[in-house]
Amino acid sequence: MKSHTKVAVIGGGVVGCSVLYHLTKAGWKDVVLLERDQLTSGSTWHAAGGFHTLNGDPNVAKLQGYTIGLYDELERISGQSCGLHRSGGLLLADTSERMEWLKMAHGRARYLGLETSLLTPAEAKQLLPLIEEKYFVGAMLDAADGNLDPYGTTHAYAKSARIGGAEIYLQTRVTALARRRDGTWDVATTAGTINAEHVVNAGGLWAREVGRMVGLELPVLAMEHMYLVTDDMPEVIEYNRARGRELPHAIDFKAEIYMRQEHGGMVLGTYEKACVPWQPHTTPWDFGSELLPPDLDRITPSLELGFKHFPAMEHAGIKRVINGPFTFSPDGNPLVGPVQGLPGFWCACAVMAGFSQGGGVGLALSQWMVNGDPGFDVWAMDVARYGEWATRRYTNEKVRENYSRRFSIRFPNEELPAARPQQTTSLYDALLAEGAVMGDSWGLETPLWFAPRGVEPRDVVSFHRSNDFQHVKAECHGVREAVGVTEIANFAKYEISGPGAEGFLSRLMTNRMPRAGRLVLTPMLNPRGKLIGDFTIACAGPERFLMWGSSQAQIYHMRWFESQLPADGSVGLRRFDLDLVGLSIAGPRSRELLAQLTDEDVSGAALKFMDHRAMDIANVPAMVNRVSYTGDLGYEIWVRPEYLRRLYAEIRGAGRPLGLKLFGMRALLSLRLEKNFPTWYRELRPIYGPFEAGLERFVDLGKPDFIGREAALREKASGGALRRVSFAVDAADADVLGDEPIWQGDKVIGWVTSGGYGHWVERSLAQGDVPAGRAGETAKRAFQIEILGDRRAATILPVPLFDPAGERMRTG
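Residues numbered from 1 in each chain as written. Predicted model: local features only at pLDDT ≥ 70, side-chain atom pairs only at ≥ 80, totals over all residues. Heavy atoms only, no water.

Trainee: I'd like to hear about the overall build of the chain, residue by residue, with values.
Mentor: When you go through the chain residue by residue, the secondary structure sums to 19 helices and 38 strands. Against the 2.2 N^0.38 benchmark of 28 Å for 812 residues, the chain shows a C-alpha radius of gyration of 27 Å, consistent with a compact globule. In terms of overall dimensions, the chain has C-alpha extents of about 80 × 65 × 50 Å along its principal axes. Contacts in the chain between residues far apart in sequence, at least 24 positions, make up 72% of those at least 6 positions apart. Accessible surface, the chain: about 29,800 Å² in total, of which carbon and sulfur atoms supply 50%. When the 89 basic and 97 acidic side-chain charges of the chain are each reduced to a single mean position, those positions are 3 Å apart. (Helix = DSSP H or I, 4+ residues; strand = E, 2+ residues; numbered from the N terminus. Rg over C-alpha atoms; globule rule 2.2 N^0.38 Å. Contact = heavy atoms within 4.5 Å. Areas by Shrake-Rupley, 256 points an atom, 1.4 Å probe, with all protein chains shown as cover. Lys, Arg positive; Asp, Glu negative; His and termini not counted. Charge placed at Lys NZ, Arg CZ, Asp CG, Glu CD.)

In structure tokens, the structure reads:
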């Protein structure tokens with residue numbers, strides 16, 4: 001074994017081999033893979049081998065499409081067959097709700113360029129005669145689905161990597177990792193130590209153990225997963241003879257099973273409700289190419305339902321039963337990318353669908369390592385999407401929930417209960433007593449809406465407007481007509497201090513930094529000029545700035561901030577998390593309410609729009625920002641957590657005569673839509689530039705230097721390819737959710753980023769991206785947006801429907 005390498009990839013499953021191949025393809029030849037046993041040992045070798053494009057996140061779906069298209073390339077390069085069977089796949093819906101979900105998936109596929117089609121039960125039965133069609137209401141065909149040989153595909157990656165210059169060391173278990181002062185890593189193995197500039201954790205079943213070598217507890221857990229292989233079936237053999245092709249794959253959501261052809265029989269696998277974690281604490285290093293004892297009793301309910309839906313399966317003999325462990329993250333998506341605080345340490349693990357996602361993971365990670373950016377929006381896979389609250393027991397509960405719901409619908413207004421409440425503020429019980437329906441916001445319980453007295457505080461889950469609609473409307477009207485209060489602990493909060501603080505922030509952000517006592521809004525770009533952040537920044541004093549952003553992106557942003565810190569120690573960086581909490585009051589009477597809580601002058605002349613002040617509010621020390629995401633006159637009041645209950649009680653008491661209304665996150669998001677305000681992760685993502693996103697007024701190109709400036713100059717000169725626009729939609733009883741296709745005539749020309757109902761303006765609203773040249777086409781009903789399979793007329797709004805001049809929020 002050599003003594004030094006640029007990259008050491010740990011783990012010889014399909015993901016590790018994909019990363020290795022893609023690194024060589026990106027130009028890094030001095031790369032090695034370290035495998036404790038043989039390639040595919042662990043979970044790769046016993047995988048069912050299916051692949052598909054379907055994913056709840058469209059960006060992950062695109063990477064899955066890349067993976068599936070990659071296999072022909074691997075076969076050409078390596079000469080190794082992947083054993084490809086491109087048979088297509090059917091997703092079978094047994095209820096109208098599941099059919100609506102398939103219509104949404106079909107709509108997303110339109111703008112992703114994926115080949116899908118909706119079918120009746122009779123049409124589905126023509127493709128898969130095993131179906132008992134009376135149990136289904138419809139189906140979707142995905143032409144890209146298929147299956148492959150796990151062993152052959154992994155070796156095709158490995159051979160292609162070797163051809164590209166990589167080396168692979170088998171029977172070489174990593175035993176320890178240590179970081180040198182120069183930032184490189186000593187990788188101790190059973191065959192000696194190799195020094196690496198970068199380490200990739202593609203450990204699969206052992207990803208936790210590799211993470212622990214560097215003090216990291218990754219949110220990953222292995223689950224037992226069973227599938228069975230039948231004897232040859234006459235129905236299958238006859239279909240092959242008559243049609244000259246294999247049966248398509250099938251997913252039966254109701255029975256929680258997937259099926260595909262295997263020789264003359266079928267493979268049938270389940271994601272059963274009675275699921276079982278495997279080795280929840282530590283994975284033994286000596287576990288290899290072995291299986292777990294089958295437990296057919298556990299999957300009997302799924303099998304019995306499957307036999308009703310596919311009668312021929314009931315009479316098929318079982319050739320063998322496979323029970324093996326696969327790893328999952330709490331939300332089922334991979335953990336990919338660099339780890340905050342560990343430069344040079346990368347993750348490529350928890351990839352439960354390795355033959356659908358492994359190629360995309362390898363591509364994104366290799367580009368990230370070589371170019372400093374993945375080249376795609378990989379937020380749904382980023383290891384940074386989890387915080388410290390994702391402990392081992394939390395992970396265990398959420399993974400079991402996710403596994404058991406693998407084939408269940410997640411409704412847009414559905415909050416899943418496992419491992420909750422994990423984090424709460426001191427107002428949690430008080431808000432529940434007020435009828436709060438809580439949601440999970442980056443592990444924190446956050447009020448979504450408030451049920452009035454006598455109304456049950458729960459969501460009736462649906463793709464349509466539901467039982468919260470009238471109550472969210474009342475909350476919005478409470479804000480617009482008088483004053484509302486909402487908790488805002490779920491923002492990210494940071495302090496940047498020291499003699500280099502202003503220069504540090506000025507280099508990171510596109511806008512100029514504020515004067516003392518003032519706020520600015522500013523995007524943050526990567527070197528490619530794409531959006532990676534959106535912040536409110538206050539100058540709180542000499543060499544001290546406070547900053548607010550998206551809570552979900554806290555680790556993501558801290559990783560970036562730390563990578564950009566000057567080496568001279570002139571900048572201090574602190575993440576407050578729940579050490580700073582707060583309440584926001586908003587509405588035309590919010591100044592009147594604030595004045596009753598403080599001795600300070602809070603008139604429009606003394607506390608102007610975009611001012612920041614430290615003052616006593618309700619007898620507690622606070623920081624006040626005169627800004628509101630509602631687009632109305634409003635104030636954010638930030639305090640230490642020990643003061644939050646007192647602040648809340650005083651606001652409630654003083655606000656009662658003013659008509660104070662509690663409002664939750666759903667009302668806030670409705671109010672921001674009426675102002676056409678964007679939001680992180682939906683409108684503001686690393687696939688958009690600031691001019692495309694409509695943030696040009698927050699980009700100061702007169703600044704001599706900020707990250708992404710040259711790319712921003714080019715985007716301004718070209719106008720950008722896309723433009724964010726707001727639509728009024730002629731919706732029925734369902735509003736857009738995000739990721740719906742935007743039509744003009746008979747062509748899909750864009751996609752929705754987010755939307756909902758504007759309760760004050762009484763219009764269904766959407767934001768989305770269209771080609772820049774079409775953003776000015778404001779004729780009525782010039783576009784259509786596909787909602788649950790139904791194209792609804794849509795009109796671009798050139799200005800916000802609420803307070804287009806911004807007079808309310810700037811009121812003097």
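Continuing now.
Trainee: Summarise the pattern of salt bridges; cite the residues concerned and give the values.
Mentor: Inspection of the entire model under this criterion finds 50 salt bridges. The salt bridge involving aspartate 373 is made with arginine 528; its shortest N-O contact spans 2.9 Å. Remark: arginine 528 occurs in the loop between β24 (519-525) and β25 (531-541) and aspartate 373 occurs in the loop between α10 (354-371) and α11 (392-404); sequence separation between them is 155 residues. According to the relative accessible area criterion, arginine 528 is partly exposed, its value standing at 37%. (Salt bridge = Lys/Arg side-chain N within 4 Å of Asp/Glu carboxyl O. Buried < 20%, exposed > 50% of the residue type's maximum accessible area, 1.4 Å probe, protein only.)

Trainee: Please set out the nonpolar core residue by residue, giving values where relevant.
Mentor: Among the nonpolar cores identified, the biggest contains 91 residues, and Val9, Val200, Phe727 and Ile785 are the most heavily contacted of them. Looking at this core, the element that brings in the most residues is helix α1 (residues 14-25), giving seven residues. Sequence-distant contacts of isoleucine 785, that is, excluding residues within four places in its chain, are made with Phe727, Val729, Val736, Glu740, Pro741, Ile742, Val752, Ala766, Asp790, Arg791, Arg792 and Ala794. Within the second largest apolar cluster, 73 residues are counted, among which are Cys347, Tyr688, Phe698 and Ala712. (Core = buried A, V, L, I, M, F, W, Y, C linked by side-chain atoms within 4.5 Å.)

Trainee: Would you mind going over unusual backbone geometry in detail, with residue names and values included?
Mentor: The residue after arginine 420, namely proline 421, is reached through a cis peptide bond having omega -5°. With respect to the secondary-structure elements, proline 421 resides in the loop between α11 and α12 (428-433). One non-glycine residue, glutamine 171, lies in the positive phi region at around 50°. You can see glutamine 171 is positioned in the loop between β8 (167-169) and β9 (174-179). Given the relative accessible area of 46%, glutamine 171 is considered partly exposed.

Trainee: Give a detailed account of the sheet that holds β24, specifying residues and quantitative values.
Mentor: Across the sheet, five strands lie side by side as β24-β25-β26-β23-β27; this open sheet has antiparallel pairing. Looking at strand neighbours, the two that pair on one side only are β24 and β27 (572-575), the edges of this open sheet. Averaged over neighbouring strand pairs, the angle between their axes works out to 25° when direction is ignored. Summarising the sheet, strand β23 (residues 491-497) and strand β26 (residues 544-550) pair through seven bridges and their orientation is antiparallel. (Pairing = 2+ DSSP bridges. Axes fitted to C-alpha atoms, helices over the stretch in contact; angles between N-to-C directions.)

Trainee: Quick one: what's the story with the pairing of strand β13 (residues 249-252), residue by residue and with numbers?
Mentor: On β13, burial covers both faces: His249 and Ile251 on one face and Ala250 and Asp252 on the other are all buried. With four bridges connecting them, strand β4 (residues 89-93) and β13 associate as parallel partners. Looking at the pairing, leucine 92 lines up with aspartate 252 of β13. As paired strands, β13 and strand β14 (residues 257-262) are joined by three bridges and run antiparallel to one another.

Trainee: Outline helix α15 (residues 554-564), supporting the account with residue identities and numerical values.
Mentor: With nine of eleven residues buried, α15 lies mostly within the body of the structure. For α15, the complete set of buried residues consists of Gln554, Ile555, Tyr556, His557, Met558, Arg559, Trp560, Phe561 and Gln564.

Trainee: Residues and numbers for the packing of helix α14 (residues 501-508) against α15, please.
Mentor: Two elements in contact, α14 and α15, have axes whose closest approach is 11 Å; the angle formed by their N-to-C orientations is 115°. The interaxial crossing formed by α14 with α15 has right-handed handedness. Residues Phe504, Arg507 and Leu508 of α14 form the contact with α15, whose own contacting residues are Trp560, Phe561 and Gln564. Its residues placed into classes, the contact of α14 with α15 shows four nonpolar, one polar and one charged. (Left-handed = near helix turned anticlockwise from the far one by under 90°. Nonpolar A, V, L, I, M, F, W, Y, C, P; charged D, E, K, R; others polar.)

Trainee: Residues and numbers for the pairing of strand β34 (residues 741-744), please.
Mentor: Of the two faces of β34, the one holding Pro741 and Trp743 and the one holding Ile742 and Gln744 are both buried throughout. Inspection of the sheet shows β34 paired to strand β35 (residues 747-758) by four bridges, in the antiparallel sense. Note on β35: the bridge partner recorded for proline 741 is tryptophan 751. Counting the residues between successive antiparallel strands, the hairpin from β34 to β35 contains two residues, one of them, glycine 745, with a positive phi of roughly 65°. Two strands pair when backbone bridges link them, and β34 and strand β37 (residues 783-787) are joined in this way by two bridges, in the antiparallel orientation. Each bridged residue has a counterpart across the sheet, and for tryptophan 743 the counterpart in β37 is glutamine 784.

Trainee: If you had to explain the packing of aromatic side chains to someone new, which residues and values would you point to?
Mentor: In total, this model carries 29 aromatic pairs according to the counting rule given. Ring geometry for tyrosine 271 against tyrosine 403: centres 4.9 Å apart, planes inclined by 55°, an arrangement best described as tilted. Within this pair, whereas tyrosine 271 is found in the loop between β15 (265-270) and β16 (277-278), its partner tyrosine 403 is found in helix α11, the two being separated by 132 residues in sequence. For tyrosine 403, a relative accessible area of 0% corresponds to the buried category. Both rings, one in tryptophan 389 and one in tyrosine 394, keep their centres 5.3 Å apart while their planes meet at 85°; by these two values the pair is edge-to-face. Here tryptophan 389 falls in the buried class, since its relative accessible area comes to 9%. Joined through ring pairs, the aromatic side chains of Trp101, Phe253, Tyr258, Tyr271, Phe328, Tyr403 and Phe407 make up one cluster. Stacked on the ring of phenylalanine 802, the Lys or Arg arginine 480 has its end atom at 3.6 Å from the ring centre. When the ring centre of tyrosine 681 is taken as origin, the NZ or CZ atom of arginine 685, which lies over that ring, is 4.1 Å away. (Phe/Tyr/Trp six-rings, centres within 6.5 Å; stacked < 30°, edge-to-face > 60°. Lys NZ or Arg CZ within 6 Å of the ring centre and 35° of its normal.)

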